[in-house]
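Structural overview for review
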Amino acid sequence: MDAMIKRQLERTAAKVRLGIIEGVYNAKSGHPGGSLSIADTLTYLYFARMNIDPKDPQMPERDRLVLSKGHTAPALYSVLANRGFFPVEELKTLRHIDSRLQGHPVRNKIPGVDMSTGSLGQGISAACGMALSGKLSNDYYRVYAILGDGEIEEGQVWEAAMFAAHYQLDNLCIVVDNNGLQIDGKIKDVMSPYPIDEKFKAFGWNVVCIDGHDFDAIEKAFDSAERALNHPTAIIQKSIKGKGVSFMEDQVSWHGTAPNEEQYNQAKAELEEQLAKLS
Amino acid sequence: MDKKATRESYGEALVALAEKRNDLVVLDADLAAATKTGIFKKAYPDRFFDCGIAEANMMGVAAGIATTGKLVFASTFAMFAAGRAYEIVRNSIGYPHLNVKIGATHAGISVGEDGASHQCNEDIALMRTIPGMTVINPADDVEAKAAVMTMADYEGPTYLRFGRLAAPIFNDPATYKFEVGKGIQLRKGDDVTIIATGLMVAQALAAASELSDMGINADVINIHTIKPIDKDIIINSAKRTGNVITVEEHSIIGGLGSAVCEVLSENYPTKVTRIGVMDVFGHSGPAPKLLEEFGLCSENIINTVKKVLGK
């Protein structure tokens, strides 16, 4: 990846993280940990990869993204806002009673949201339907779905995994955000889904394992997905829950907790410092 | 009277629909031979997708297809469509209000020999609680086909309930008109109102005919759309007769009987007597025998009417 582009993406990702913290702090609830771990990949997709138009969110030929791990809506909202789908200022209304920024994504309300999600394990099936539909009418859009590593404990994920391979949905690419933590603890202790890569390989998928905070690796992984004919791709990304905010990193307690004022100020200061370093 | 299972009507209607709608996609979960989507599969193999024994995923796939604007029907037994996949139907189809048509077959006790594990008497109750979901329970071949064709042009999630057992065809295809949300007055009478749905409509008509010989004139109303329900036809009839009997091949909890009670208790309090599956599980046996045993027959309707009227 071109160094200039990479630096620009890193800057954007820092802004996206600021938006996540802003949203969750003002909501006094929400899920910062998993939002921060997926922030780089979502930033890459919306700013460097996907064929989308913020001025025409329903463009028929657009690439689609389903946030199957819907609780990390703060990340998707922040990316969409920073990409121009709606004002960044609106992120402060997250979860408020009169806001369209619902606790989990809703397709009818928020520009750029392709599918309502939140109940884990369901988004990947909807993504399969979108991909199948594209194949059926020879539309060349691509479909992305973002799953949590805890989420893949849901049986429906494997029903969908079978389906995508069976119908050779090579226009489908999922990302499993392997930050290693779920609400009740480490995924290996709660209900281990490991080995994740071997499971998807056994289901007939093209599998790429990467560092989810390395834009070069992220780009190569999505390149691989586009080259994998007749097979859907699963990108298993090692990531850090709470990435970018020192006291949130790799802490399960930040799965679904909002920062208080002091923590908010510290998180903001850290992210602003990162942003300053990148300019 | 000729007979045909409404699942058969469903499969045939899908083929007829495909001639008009080249965006039609049909999904099934390894039951195409039984749900009769197999008829469609044979005619349009390129637009049929088997999802295997994975109903949760099938409903999600249907939702995803619907987001791209195509017309999609997803089929399996009522037990798995409304029961097993309930939460997917609720969150992936109902909540985003996607244009998915759920064709659920083998509803009710008339599944027969397969027994209680497959006899879904709870599907109407479950589907009725999802905001924005239209719930249709056709009574015969003519109505089932008309419902499929009409609902194909209607935007929004819809649950269509079909049966396994051959049902008498009492509607005339030349004159029959399906209007979503509109009940059909099949017979006029001032002594009692019999409101029936699905397989029970023919039984209600047979009962009314016999009751008339005994000097009891029954109003017979066919409610094919359980949601949104036709309040006016129910209230107007109750005003005339003052006594309402509901008949459904479904639990007396949450289905047609409950829906009618909700309408009347809020608008025109009237005594309602519910005939249906009385909060019990079914069991194996030939469908006609089971229907008799569980009181889902004209004889029980007649006896209930006589009892209610004190005759």
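Above: the structure in question.
A few points on the structure. (Residues numbered from 1 in each chain as written. Chains lettered and ligands numbered in written order. Predicted model: local features only at pLDDT ≥ 70, side-chain atom pairs only at ≥ 80, totals over all residues.)

Points about the environment of Phe162 of chain B
All names here are of chain B. Note that Phe162 resides in the loop between strand 7 (158-161) and strand 8 (166-168). For Phe162 and Ala107, which are 55 residues apart along the polypeptide, the C-alpha to C-alpha distance reads 6.2 Å. Not counting the four nearest positions on each side in its chain, Phe162 is found in contact with Thr6, Arg7, Tyr10, Gly103, Ala104, Thr105, Ala107 and Ala144. (Helix = DSSP H or I, 4+ residues; strand = E, 2+ residues; numbered from the N terminus. Contact = placed C-beta atoms within 7 Å.)

With respect to the packing of helix 2 (residues 32-49) of chain A against helix 3 (residues 73-83) of chain A
Residue and element names in this part refer to chain A. Contact geometry of helix 2 with helix 3 gives a least axis separation of 8 Å together with a crossing angle of 35 degrees. Crossing geometry of helix 2 relative to helix 3 is assigned as right-handed. Taken together, the residues of helix 3 that come into contact with helix 2 (itself represented by Pro32, Ser35, Ile38, Ala39, Leu42, Thr43, Tyr46 and Phe47) are Pro74, Ala75, Leu76, Val79 and Arg83. (Axes fitted to C-alpha atoms, helices over the stretch in contact; angles between N-to-C directions. Left-handed = near helix turned anticlockwise from the far one by under 90°.)

Notes on the interface of chain A and chain B
Taken together, the contact between chain A and chain B spans 21 residues of the former and 23 residues of the latter. Counting only elements with at least two residues in the side of chain A that touches chain B, the list comes to helix 4 (123-136) and helix 5 (155-166) of chain A. Here the side of chain A that touches chain B takes 9 residues from helix 4 of chain A, the largest share from any one element. Looking at the side of chain A that touches chain B residue by residue, the class counts come to 10 nonpolar, 8 polar and 3 charged. (Nonpolar A, V, L, I, M, F, W, Y, C, P; charged D, E, K, R; others polar.)

Brief notes about unusual backbone geometry
The amide bond that connects Tyr194 of chain A to the next residue, Pro195 of chain A, takes the cis arrangement and shows omega of -5 degrees. Residue placement: Pro195 of chain A occurs in the loop between helix 6 (187-191) and helix 7 (196-202). The step from Lys227 of chain B to Pro228 of chain B runs through a cis peptide bond, and the omega angle for that step is -5 degrees. Located in the positive-phi region is Asp30 of chain B, a residue other than glycine, with phi close to 60 degrees. Looking at the element boundaries, Asp30 of chain B is found in the loop between strand 2 (24-28) and helix 2 (32-35). Accessibility expressed as a C-beta count within 10 Å gives 15 for Asp30 of chain B, which makes it partly exposed. Positive phi, normally seen in glycine, also occurs at His106 of chain B, with a value near 55 degrees. Along the chain, His106 of chain B falls in the loop between strand 5 (100-105) and helix 7 (123-128). (Buried ≥ 20, exposed ≤ 12 C-beta atoms within 10 Å, placed from the backbone.)

Overview of the nonpolar core
One finds Cys128 of chain A together with Ala62, Ile194 and Ala204 of chain B to be the most contacted residues of the largest nonpolar core, which totals 190 residues. In terms of residues, this core owes the most to one element, helix 1 (residues 3-27) of chain A, which gives 9 residues. Leave out the neighbours within four places in its chain, and Cys128 of chain A touches Ala160, Phe163, Ala164, Leu169 and Leu172 of chain A together with Val61 and Gly64 of chain B. (Core = buried A, V, L, I, M, F, W, Y, C linked by C-beta atoms within 7 Å.)

Looking at the packing of helix 9 (residues 200-213) of chain B against helix 13 (residues 298-309) of chain B
Residues and elements named next belong to chain B. The geometry of helix 9 relative to helix 13 is characterised by a closest axis approach of 8 Å and an angle of 50 degrees between their N-to-C directions. Our classification of the angle between helix 9 and helix 13 gives oblique. Seen along the crossing, helix 9 lies across helix 13 with a hand that is right-handed. Mapping the contact onto sequence places Gln203, Ala204, Ala206, Ala207, Glu210 and Leu211 in helix 9 and Ser298, Ile301, Ile302 and Val305 in helix 13. Residue classes in the contact of helix 9 with helix 13 are distributed as 7 nonpolar, 2 polar and 1 charged. (Parallel < 35°, antiparallel > 145°, perpendicular 65-115°, else oblique.)

Comments concerning the pairing of strand 7 (residues 233-238) of chain A
Residues and elements named next belong to chain A. Most of strand 7 sits out of view: 5 of its 6 residues are buried. Sheet analysis places strand 3 (residues 172-178) next to strand 7, joined by 6 bridges and oriented parallel. The residue bridging Ile174 from the neighbouring strand is Ala234, located in strand 7. The pairing of strand 6 (residues 206-211) with strand 7 spans 6 bridges and is classified as parallel. When the bridges of strand 7 are listed, Cys209 appears paired with Ile236. In this view, the connection linking strand 6 to its parallel neighbour strand 7 by way of helix 8 (residues 215-227) has right-handed handedness. (Pairing = 2+ DSSP bridges. Right-handed = clockwise from strand over helix to strand, strands pointing away.)

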